[in-house]
Amino acid sequence: MGRAILPPMSQPDATPTPEQAPAEPTPDPSAVAHPRAIGIDVGGTGVKAAVVDLVTGELVSPRIREKTPQPATPEAVIETVGLIVDRLAEGGHLDPTMPAGAGLPGVVKHGRLVTAANIDKAWLDYPATAALEERLGRAVRLINDADAAGLAEVAFGAARGVPGTVLLLTIGTGIGSALLINGRLLDSTEFGHVPYRRKDVELWISGAARERRAIGWRRWAGEFSEYLALLEKWFWPDLIILGGGVSKQHASYAKWLKSRAPIVTARFLNTSGIIGAALAAGGHEEAPVD
Ligand code: BGC
């Protein structure tokens, strides 16, 4: 990768002298390789997609959602994605050169998932990019779902222009993570698999785990604070962003959460996966190498 696209991020630590100061970067749609891309978010319960304006981050088509097929094998999910994209095409929202990005809940390497904690194991090593490209008839990039959320937040949301280390955690079926250092994404951090009480932490305190254990918000927040303390001991984030389904309920737990760094809720709760996947497809400069 390396096509610098959008939006230009501030370099927070550098204080240029006036003669060094670059002109205020202005997004120039004509300079963008792909001004729009299809963003696809494959989740445990829903598959969602929309066309995203890569300059503004706005959805410029309806957001179409279908239930994730069960079992969520690659073939079944790819067919669902295909039907959603067909509907976007029928609605006149696509052009043939528009690339597509797909966010998936696992580590992505070379167009395949190499971990599959919360998705059908048949995805492991399945040639997902190639199969999606064949079904959709266009260029496709895969990205981890939490990394996609990180791209969306750094480009247009709560991490935009924030200096230092920003830790984004998505709390839903599992726990996903994105680590941003002065606006640059360190991909595939997988902090949902940090050991906690002898298990992966997401098995205790993801949204799904909280419901399975039937624990209240106060207890959940206490345990989540212990988890944050572990991460803070190692990474010293300057800002913590919480996203994913659980973050919508922050009013229920915020008063019991403790951390050294300030905690904010992600700007994009339902659409970060879509926006971030589209940014990756459009060649955002922080998109991980696939
Ligand atoms: C996966 C991550 C993913 C997270 C949220 C975890 O189980 O390992 O890759 O980001 O769930 O979906």
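Structural data are supplied above this passage.
**Here we look at the sheet that holds strand S9 (residues 175-181)**
- Pairing in this open sheet of 5 strands is mixed, and the strands run S10-S9-S8-S13-S14 from one edge to the other. Where the open sheet ends on each side, the last strands, each with one partner, are strand S10 (184-186) and strand S14 (263-265). For this sheet the average axis-to-axis angle between neighbouring strands, irrespective of direction, equals 30°.
- Against the sheet, helix H3 (residues 145-156) makes contact with strand S8 (165-171), S9, S10 and strand S13 (239-243), and its axis sits at roughly 40° relative to S9, the strand it touches most.

**Observations concerning the pairing of S9**
- Within S9, 6 of the 7 residues are buried, leaving the element largely enclosed by the surrounding structure.
- Sheet topology places S8 next to S9; 7 bridges connect them, and they run antiparallel. Considered in S9, the bridge of Thr170 is made with Gly176.
- Here S8 folds back onto S9 in antiparallel fashion, the turn holding 3 residues.
- Hairpin connection, S9 to S10: the antiparallel pair is bridged by 2 residues, and Asn182 has positive phi, about 50°.

**Description of the packing of helix H1 (residues 74-90) against helix H2 (residues 128-136)**
- Axis separation between H1 and H2 bottoms out at 10 Å; the angle between their running directions is 35°. The element H1 and its partner H2 pack so that their crossing is right-handed. Seen from H1, the contacting residues are Pro74, Ile78, Val81, Gly82 and Val85; seen from H2, they are Ala128, Ala131, Leu132, Arg135 and Leu136.

**A closer look at the site of the ligand**
- Taken together, 15 residues lie near the ligand, and Pro105, Ala117, Ala146, Gly174 and Gly176 sit nearest.
- A per-class count over the shell around the ligand returns 4 nonpolar, 8 polar and 3 charged.

**Considering the sheet that holds strand S2 (residues 46-53)**
- In spatial order, the strands read S3-S2-S1-S4-S7; together these 5 strands make up an open sheet with mixed pairing. Both outer strands of the open sheet, strand S3 (64-67) and strand S7 (140-144), are each paired with one neighbouring strand and no more. Averaged over all pairs of adjacent strands, the angle between their axes in this sheet comes to 20°, without regard to strand direction.
- By the bridge criterion, 4 bridges tie S2 to S3 in an arrangement that is antiparallel. Bridging across to S3, Gly46 finds its partner in Lys67.
- Packing of H1 onto the sheet brings it into contact with strand S1 (36-42), S2, S3 and strand S4 (100-104), and relative to S2 it is tilted by some 40°.
- Against the sheet, H3 contacts S1, S4 and S7, and its axis sits at roughly 95° relative to S7.

**Some details on the packing of H3 against helix H8 (residues 272-281)**
- Their axes nearest at 7 Å, the elements H3 and H8 cross at an angle of 85°. In terms of orientation, H3 and H8 fall into the roughly perpendicular class. Contact residues: Asp145, Ala148, Ala149, Gly150, Leu151, Ala152, Glu153 and Ala155 in H3; Ser272, Gly273, Ile275, Gly276, Ala277, Leu279 and Ala280 in H8.
- Of the residues in the contact of H3 with H8, the class split is 9 nonpolar, 4 polar and 2 charged.

What counts and how
Residues numbered from 1 in each chain as written. Predicted model: local features only at pLDDT ≥ 70, side-chain atom pairs only at ≥ 80, totals over all residues. Pairing = 2+ DSSP bridges. Helix = DSSP H or I, 4+ residues; strand = E, 2+ residues; numbered from the N terminus. Axes fitted to C-alpha atoms, helices over the stretch in contact; angles between N-to-C directions. Contact = placed C-beta atoms within 7 Å. Buried ≥ 20, exposed ≤ 12 C-beta atoms within 10 Å, placed from the backbone. Left-handed = near helix turned anticlockwise from the far one by under 90°. Near = placed C-beta within 6 Å. Nonpolar A, V, L, I, M, F, W, Y, C, P; charged D, E, K, R; others polar. Parallel < 35°, antiparallel > 145°, perpendicular 65-115°, else oblique.

Honestly, it's all geometry; don't read function into it.
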